[in-house]
Structure formats: C-alpha cells, structure tokens
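Examination of the molecular architecture
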Amino acid sequence: MESRGTRIALAVWAALVLAFLYVPIGVICLYAFNSSNVQSWPIAGLTTRWFGPAIHDGDMQRALWLSLKAAALATALALVLGTAASFGVHRFRFFGRESVSFLLVLPIALPGIITGMALNSYFTFWKLDFGLWTIVIGHATFCVVVVYNNVLARLRRVPGSLAEASMDLGADGLQTFRFVTLPTISTALISGGLLAFALSFDEVIVTTFTAGAQNTLPIWIFGQIRLGQQLPQVNVVVFIILAVTIVPVALAQRLTRESGILRTE
Amino acid sequence: MRTTWLVLAAAAVGLAFPAAGVTRAGAGTLNMIAWEGYTQAQWVKPFEKQSGCTVHAKYAGSSDEMVTLMRSGGGGQYDLVSASGDASLRLIYGKDVQPVDPARIPDFKNFNGAFRSPPNNTVDGKHYGISLQWGPNTLLYNTQKVKPAPRSWGAIYDPKYKGKVTVPDNPIQIADAALYLMKTKPSLGIRDPYELNAKQFAATIDLLEQQKPLIKKYWALASDEIDLFKNGDAWIGASWPYQTNTLKAAKAPVADLIPKEGATGWLDTWMVSAKTKNLDCAYKWLAWISTPKVQAQQAIYFGETPVNSKACAWMDKLSKGSCKQYHADAPLAYFKQIYFWKTPIADCGNGKNDCMDYTKWQQAWTRLKG
Amino acid sequence: MAAGLDAAQGLGALGRARRRVGGALFRRPWLRGLGLLAPPVGAFGFFYVAALVVLFVSAFWGVDAFTGRLVHEWTTGNFSTLWHESTYRTVALRTIGIAAAVTVTDAVIAFPFAYFMARIARPRTRAVLFVLVLLPLWASYLARVYSWRLILNSDGLLNWTLHGLGLPSAGIAYSNTAMWIVFSYIWLPFMILPVYAALERIPHSYLEASRDLGAKGFRTLRTVVLPLALPGVVAGSIFTFSLTLGDYITPVLIGGASSQFIGNVVYDSVNQSSNLPFGAAFAVVPVVVMGAYLVVARRLGAFEAL
C-alpha cells in the first residue's frame, strides 16, 4: 500500500520515538545502581547496596500498600459507575444526553489542582477524615471517564440484536447481562480498568490535596526527591515496579485483542 | 465465572476494612511537619524503639507551607510542626497550636537563656512550643569557579555570575536583600530587614529585579540547590548548611560562609497541634529531641546550632571541632548578628503603622518571579 | 402466561421475583435509564460538581491577612487584581503557549508512530509496540521528570553527548525549552493511544478505493486518512493540552527563574499565601480555556474518539 521508502522511514521514526520514550527510563534504572546519593552525570559508580534498604523501608511499604488499595478501589468504583453510565447513555435517548459525556470528562479535562482544591475544601466542610476513602473519591473522578469511554466505544460496535435475541430465548435482564453483554464488553472493561489503575497509581496532584497526612507512593517519592538523600532508593522502587508490571500489561494486551464476536466488517 | 466474582467481592470487602484503620492514625503514631533533614533515621529510630511511638514526617520547604499544612483538613491532620519564627506566631494567633508545659521536658532547664521563652514561641508567659535549633542562611559557592572566595552578599548581585546564581523561592528572601541594603545603603534608613516602609520596600524589590537576570533558578526544594551546584548549573547562592553538608559528602567542591553584612536565619520551635490525638507521644518526642545527644546529632547533620547548652560536649565527641564550627558555644554577639525570620506586619514597632505586611511581600514575590 | 412459563422452567421464589422486576423494568425503560444513570451522575453531582461550585464561589471572598482564615464577604477584588496586574497575564499566556507547543509537538511525533503501529506493523510487532507505549505510564511521573534533570543539566547526559560529537553545550537546563521537552515526553503516550485507535478503525477498503480512484500516497494521506484520524488527534490533544495547562510540578522541578505556570500561582496562593479565594479566581482561567477547547473538540468529534 505505502511505498517501500515510506515504510522504512516510518519504521526508523518509530524506533526513534521508542528511544525517546525509553532513554529517561533507562536513566532511572541505571541510577538505581548509583553509588552516590546525589545524582550527577556520569554515574559515580555502580552498587546494589540500595536495593535492600529500599525494599525494607517501612515508609515505602506503607505508601505502596496505600497506593495499591486506593487504585484498586478507585478502579472498582470506576468500573461500576463508568459501565452504568455508558449503558445509560448508549441505550436511552433523553434530554441532556450529551452533557453526561461532558460531565464525566471534566475531571480529566480540568487541571488536577482544581479538582484537588475543590475536593479538599469540600471534605473539610463535611468534616470527613482524610485518608483512603478521600483519596479513592478523588481518583474515581477521573478514572470513571476512562472506563466510560472504552465501554461506550465498544457498545457502539456491538449489535443490539444480540441482547434482544437473548431475551427472546427466555433469559431475563440479569442473565442477558451476565452471559451475553458482559463477554462482549469484557475486553473494554479490562483495558479501561488497567488504564484507570495506572492513572490512579501514579497520580500525585489531586492526591496531595486529598490524602491528608497519609502517603501514597507518588507522595513518598516526592518527599524523597525533596530530601535528596536517598534518591537511588526511589530509582530502585520504580525499577522494580516497572519490572513487575511488564507481565500484567502484556497479559492485558493479549486479552484485549479483537475477538471473533465483534468482527463486523 | 461465579467463583471469580465471589473472590473479587471478598477481596474488595477485605481491602475496605483495614482502610478504616488507615484513615485515622493509630494511637502512638506521630504525623509531623518538618524541614528537610530534621527527622533523620539516626535519631528517629532510637526514639521509636524507646518510646513505642511511630514517626511519619512530611517535608515542607517554607514556613508558609507549614502553616497551610497545619491548617489543612480542619487542622487535625498533623500532630507536630517544626515551625520557624515567621510561622510560629501565625500558628499561635490562628489557634492551630496548643500551649505546652515545659515542666514535662527534663532538658528545658539546660536551654540557653535566650531560648527558653523567646518571643516567637512564648506569648503572655505561655509557652506554645519548645525551641529546637537555630542557624544562619549562608552564602554557598563553588570553590573552583568563584575565586577569590567571596566576602559579601554583593556577590549574588554581581553580574559577573550571570546565569549561575540561585536563591530560595520564598517571599521571606526579600529580607535578605533588605539586609544587604541595610548595610550598604544606610541612607534608606532600614533598621530591621522585616520592617520596611513603602520606600524601603520599593528599593529592595528594585535590587531583586536587578538580580533576576542573574538567577538560574529560584530553588524551592533543598535537593534543587544540591542538584544545581553538583551539576554545574549554579556557582553561588543563598543556602542552608544542610545543602553544604550534603554536597561536601558527595565530594562537590563547595564552601559556605556568613558574609560580612551578617545573615538572616531561622529559630525553630517544635509546636504541638491544638487538635492532636497523641499528646503523650508528642511530649515524648519533645523530651527526646531536647536531649544533649540528639541535639548534637541534629546540629551536626543539618549544620545548625542547638539550644541545649549541654550539647556542645556531645558535638565534639561525635565530630571533633563541630561545637565551634556550628557556634554551639558562641557568645551572645554571634546570636545577635543574625536577623531571625519573623512575619512582617504593618506595625513598624516605632509607633508607625506603614510597614509592608506579609501579604504584600507574597504578592511582590509572585510579581518578581513573573 | 408468565406464571406458566415460570413453573415450566422450575424457577424458585427468587427467580420469579427477578422475572417480575425484570419485566417491570423492561416495560418502563425510563426506570432502567434512571437506575443506570443515577449513581454515576448523582455521585459526580454530589462530590465533584458541588465541590467545584463551592470553590468558584469562594473566588468572590477574601482572607484575613494575618491568620489566613476565610472572610465570607462578597468582593471582586481578586478578579480585579488578576485583570490589572500584568504578571498574571504573562503567566497565563506562557502556560497556554507552552501547552499549545506541547500539543503540536506531540501530535507531530505521535502521528507517524501511530500510523506505523496501526497500518504497517505486523500484529506481533503491534502488540509489542502497544505494551512498550503503555509501560512508561507505570514508571512514576515524578521519577521520569526528575531523570530529565540529569539529562538536561549543564554537566548532564545531553551536553556530554554533544561535547562528544564536538558540538557546543545546549544551555537549556532549567528553562521553558526544557519544560516543553519534558512535557512533550511525559504526555506522548496519551497522544499515541487515541491516534492509534482512530487510525486502526479506518477500513482498508477506503484506502484501496482512494488508490483505485487515482490518488497517490500523499494525496490519500491528506484527503482520506487525516480527516478520519482527526478526532483521534483532537482527543489526544485534550489530554496533552489540559495536563500541561494544569501542571505545577514540572515547572518546579525543571523550570527556571521565569517559568511560573498558572498551576504554580494557584498552588502558591493556596499553600504559601493561604489565599484560597485568589487561587480559585486564577483557576477560573484554565477552566474557561478548557471549556472553550472542549466545545471545539466536541464539534470535531473527539468525544467519540477518546
């Protein structure tokens, strides 16, 4: 289709973009082995002595655990609310239908600092205790739209006749949802959920305002960056997280390849 | 399929329950707001072991941040704060901190006279905190690039170092410029770098505007300045001894000094939140941080001066010569040459009320940074 | 009739109840719609929209100078300060300018990459590329921004490479140029994904038809591919533009002496000056800008392509 020259040029471009994306990642991983606690180029020396303290650091473990919990809960909330909203918008025509999309995209379209400030004042007003649930609410605001868009895009490609056929065959609403609808949107749920989890896990701006005295992992990382004394430990943590998440991300990608049920062309 | 849903549901419930415990700090956990370097493992871990209380520290780089954090979420988020003189009064008048009883601190009687009831933490005879440490804002420079060694604050206003200067990103920095003018332009009549009338303020801002093209970056985090000096982006600037110590440990060619005009400085107090739920642990921390050995450890680590007169002996034990280096045994004259941070207010202290208050300092600083 | 069916299927009491509810819902679609939409919209309304409204109402209040407590008195002082002082105009223009530059840069970088991924790469390569694009999002944003300092410093990786090639130093550490590069880097995956999705959806038959009608490669690109991919580009631009517009961490870590963003002024107002009303007032600017951007984006079909 495209000329050979074009293909080669595009392949080169892709390689360059990948290099651009991964040079800083390479720097992070390299400096996990930095023998000096102050970062400078070229690297002062190589050592693995930071791995032990980084993994056993109580503050880091607490922060990591809180981040995982918050991300899981926020993703769960986003999956439920996002799916419900996408079904509602897809199946029904009503006044203000377009505004629902607009409303849900607001948290991601508006600067995080606004969401953070607004929620902070609001929680203070209602005298809510700052902690896991305030973090989850803050994250859920922008995670919902990610799931919503994924599911809505998928619903638009799924023929409505499938659900009707299921009902004709005697299944009630819940059974239809479980056995017919859910499998067709499952991959959208997975990719939406994974992206929502990633966004929540790495979020720092809204979390600064909604976490109170608690530390999520990004807030812990920022504290370490401020201190400047144990920077290689931060690099160690990021390095390990990257290594660990390659598997689920690759797996999710495998799962979300187009399945035969949706071939509509 | 069904089992999957059951497992997920159980997991969700399981996650949510411990959450209830995480939202409220367990009894015996101290959430404290501290300057970078004030809660090092060296003296925090022994405290945790001995007292059974756990310490969580959140770092703040300026007094303003500390005040805001203390007030955030209705005020009950943090138990302790290491406030400098320009935050302490705001916290006291804002009713964010509670009075403490010095009788519960065994080492209080060993504090040097000036630090038992200083005006920045004692109001109407009530103590709103325990003095901690004090120190100067120093002039830091790269010994290889800045020759001969500078003697005066004029070096950071010198176009010779264009693009290689760094100063703190903090409105209180205006006082440093005012201090320089106080000594070099006596005709302006500045008596106190924190009490500036409109004309003196305008002249100070003018000096800072002239300095702006020389600045590489206004550092907001201590590690900003460390990186700037280590990587050759800055050769000279205003700093804390914490950066000097870290850079020297990383073998960077730097040195610092207090220039001939004197310096601004900080005088820190540990204050207890009015809404703390861990008063017992808070008092244990106050007692611990005032002991001579811990005072010495912190003084050497950060590069500041302890308030406990017995700390000097410990400092020399831990690091020979450090007592003199950090002026722990210095006479009152040294103390008096430092202009400690305090919140600028309209009351000029000489009967007039036309000094610039801190809001004007903050607005001017934002305008300056542009 | 219904009862007969239930019995025939051997349903228990719960099953019968479900059927009745299901039937009732089927006959009253509005109830179903309400049940589906009430939780998300209600939750958003109660938690998010209400909080926003309260925030922007507070833009009309003031603060006590010394203690920093809110003073609930109606005033437009904050807005008049914003309008009359040139500093805030400068900051706003700088923020919008860099956000626009970042958006254009990312669109230019992402488009050929996404095209390669969607239309030229083999399925296996495509899967690998997809994972490789998503993976950086899992390395902490802070750590990635911080590592750029190491690259752009005076004695950093970039200058080291340039010196090795015999070129002079690039003095871009701590500057707006540095911020532009770092922002373009950080948000790139957010631009690649929607553009890829849009390009992937273009049926092969369209391109074949275009060729059959006589269009050469570039013409096809311009008249067929670009218009169809535009919603994806605009969707990606929503992310890059808004995320840059609201950021305050990268200016602190990477910026220089004149690199304040709207986010920094707002953050300083709230955290340094304890002046929430002023921060809220200045925060109106990015809201208005993004509101306008979203309206245009919806026109261009971006909402279907997010």
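Up top you'll find the structure we're talking about.
The following refers to the structure shown. Note that the coordinates shown come from a computational prediction; the quantities given were computed from them, not determined experimentally.

Moving on, we come to the overall build of chain A. When its secondary structure is counted, chain A shows 11 helices and 0 strands. The helix and strand sequence of chain A, counted from the amino end, reads α-α-α-α-α-α-α-α-α-α-α. Seen along its three principal axes, the alpha-carbon backbone of chain A occupies a region of about 70 × 65 × 30 Å. Taken across its 265 residues, chain A has 57% of its residues classed as buried. The contacts of chain A with a sequence gap of at least 6 include a subset with a gap of at least 24, amounting to 72%. A total accessible area of about 10800 Å² is found for chain A, and carbon and sulfur atoms account for 67% of it.

Once that is clear, we can look at the sheet that holds strand β9 (residues 165–168) of chain B. Residues and elements named next belong to chain B. Taken in spatial order, the 5 strands line up as β10-β9-β11-β8-β12 in an open sheet, and their pairing is mixed. For this open sheet the edge positions go to β10 (215–219) and β12 (254–257), each flanked by a neighbour on one side alone. Within this sheet the neighbouring strands show an average axis-to-axis angle of 20°, counted without direction. Pairing of β9 with β10, which is carried by 4 bridges, proceeds in the parallel orientation. Its bridge partner lying in β10, V165 is registered against I215. Seen against the sheet, helix α7 (residues 222–230) touches β8 (138–142), β9, β10, β11 (236–239) and β12 and runs at an angle of roughly 150° to β10.

Time to look at the interface of chain C and chain B. Each partner contributes to the interface: chain C provides 33 residues, whereas chain B provides 36 residues. Summing the contributions of chain C and of chain B, the shared interface buries around 2800 Å²; its carbon and sulfur component is 44%. The salt bridge partner of E85 of chain C is R367 of chain B, with a shortest N-O separation of 3.0 Å. Summed over the shared surface of chain C and chain B, the number is 16 residue pairs in polar contact (both at pLDDT 80 or more). Elements represented by at least two residues in the side of chain C that touches chain B include exactly α5 (86–120), α7 (141–152), α12 (249–254) and α13 (262–271) of chain C. Take the side of chain C that touches chain B: its biggest share by element is 5 residues, from α5 of chain C.

Quick look at the state of the cysteines now. All names here are of chain B. Counting across every chain of the model gives 3 disulfides over all chains. Here C312 is linked by a disulfide to C323, with a sulfur-sulfur distance of 1.8 Å. Taking the sign of the torsion about the S-S bond as the criterion, the disulfide between C312 and C323, at about -105°, is left-handed. In this pair, C312 is assigned in helix α11 (residues 311–318) and C323 in helix α12 (residues 322–325), connecting sequence segments 11 residues apart. Of the two residues examined, C312 and C323, each falls in the buried class. Disulfide partner of C348: C355, at an S-S distance of 1.9 Å. In this structure the cystine formed by C348 and C355 twists about its S-S bond by roughly 120°; its chirality is therefore right-handed.

Many structure descriptions define interface size as the accessible area lost when the parts assemble. Taken residue by residue, the interface counts 90 residues in chain C and 89 residues in chain A. Together, the buried faces of chain C and chain A total about 8500 Å²; carbon and sulfur atoms form 79% of this surface. Counting the surface chain C buries against chain A, the share from its top three residues, F44, Y48 and W138 of chain C, is 10%. Counting across the interface, chain C meets chain A through 0 salt bridges.

Okay, the environment of E209 of chain B next. Structurally, E209 of chain B can be placed in helix α6 (residues 198–211). Taking C-alpha positions, E209 of chain B is 9.9 Å from R367 of chain B, a pair spaced 158 residues apart along the chain.

Turning to unusual backbone geometry, a few remarks are in order. Note that the residue after W41 of chain A, namely P42 of chain A, is joined by a cis bond; omega there is -5°. In this chain, K147 of chain B is followed by P148 of chain B through a cis amide linkage whose omega measures -5°. Relative to the helices and strands, P148 of chain B resides in the loop between β8 and β9. Phi angles above zero are rare outside glycine, and K95 of chain B is one such case at about 60°. Within the secondary structure, K95 of chain B is located in the loop between α4 (85–93) and β4 (97–98). With a phi close to 50°, Y174 of chain C is a non-glycine residue in the positive phi region. Mapped onto the secondary structure, Y174 of chain C falls in the loop between α8 (157–164) and α9 (176–201).

Ranked by size, the top nonpolar core spans 170 residues in total, and within it I113 and L217 of chain A together with F113 and L199 of chain C carry the most contacts. Other than its neighbours up to four places away in sequence, L199 of chain C contacts F111, A114, Y115, A118, R119, V225 and A229 of chain C. Judged by nonpolar contacts, the second largest core, of 103 residues, contains W134, W153, Y180 and L188 of chain B.

Turning next to a nonpolar patch on the surface. A cluster of nonpolar residues, F125, W126 and L128 of chain A together with F46 of chain C, forms a patch on the protein surface that exposes about 450 Å² of accessible area. Structurally, F46 of chain C can be placed in helix α3 (residues 29–57). With relative accessibility at 42%, the residue F46 of chain C sits in the partly exposed group.

Turning to the packing of helix α3 (residues 63–71) of chain B against α4 of chain B, a few remarks are in order. All names here are of chain B. Running from amino to carboxyl end, α3 crosses α4 at an angle of 25°, the nearest separation of the two axes being 8 Å. For the element pair α3 / α4, the angle class is roughly parallel. Where α3 crosses over α4, the two elements pack in a sense that is right-handed. Residues S63, D64, V67, M70 and R71 of α3 touch α4, and the partners they reach there are D86, A87, R90 and L91. Here the contact of α3 with α4 is composed, by residue class, of 4 nonpolar, 1 polar and 4 charged.

Residues and elements named next belong to chain B. Note that S51 resides in helix α2 (residues 41–51). Taking C-alpha positions, S51 is 49 Å from Q211, a pair spaced 160 residues apart along the chain. Separated by 2.7 Å, the side chain of S51 and the backbone oxygen of F47 make a polar contact. A polar atom in the side chain of S51 sits 3.2 Å from the backbone nitrogen of C53.

The rules behind the values
- Residues numbered from 1 in each chain as written.
- Chains lettered and ligands numbered in written order.
- Predicted model: local features only at pLDDT ≥ 70, side-chain atom pairs only at ≥ 80, totals over all residues.
- Heavy atoms only, no water.
- Helix = DSSP H or I, 4+ residues; strand = E, 2+ residues; numbered from the N terminus.
- Buried < 20%, exposed > 50% of the residue type's maximum accessible area, 1.4 Å probe, protein only.
- Contact = heavy atoms within 4.5 Å.
- Areas by Shrake-Rupley, 256 points an atom, 1.4 Å probe, with all protein chains shown as cover.
- Pairing = 2+ DSSP bridges.
- Axes fitted to C-alpha atoms, helices over the stretch in contact; angles between N-to-C directions.
- Buried area = accessible area lost by both parts, 1.4 Å probe.
- Salt bridge = Lys/Arg side-chain N within 4 Å of Asp/Glu carboxyl O.
- Polar contact = N/O pair within 3.5 Å; in protein donor to acceptor, adjacent residues only side chain to side chain.
- Disulfide = S-S within 2.5 Å.
- Core = buried A, V, L, I, M, F, W, Y, C linked by side-chain atoms within 4.5 Å.
- Patch = residues over 30% accessible without salt bridge, like charges linked within 9 Å, V, L, I, M, F, W, Y side chains within 5 Å.
- Parallel < 35°, antiparallel > 145°, perpendicular 65-115°, else oblique.
- Left-handed = near helix turned anticlockwise from the far one by under 90°.
- Nonpolar A, V, L, I, M, F, W, Y, C, P; charged D, E, K, R; others polar.

In short, geometric facts, not functional conclusions.
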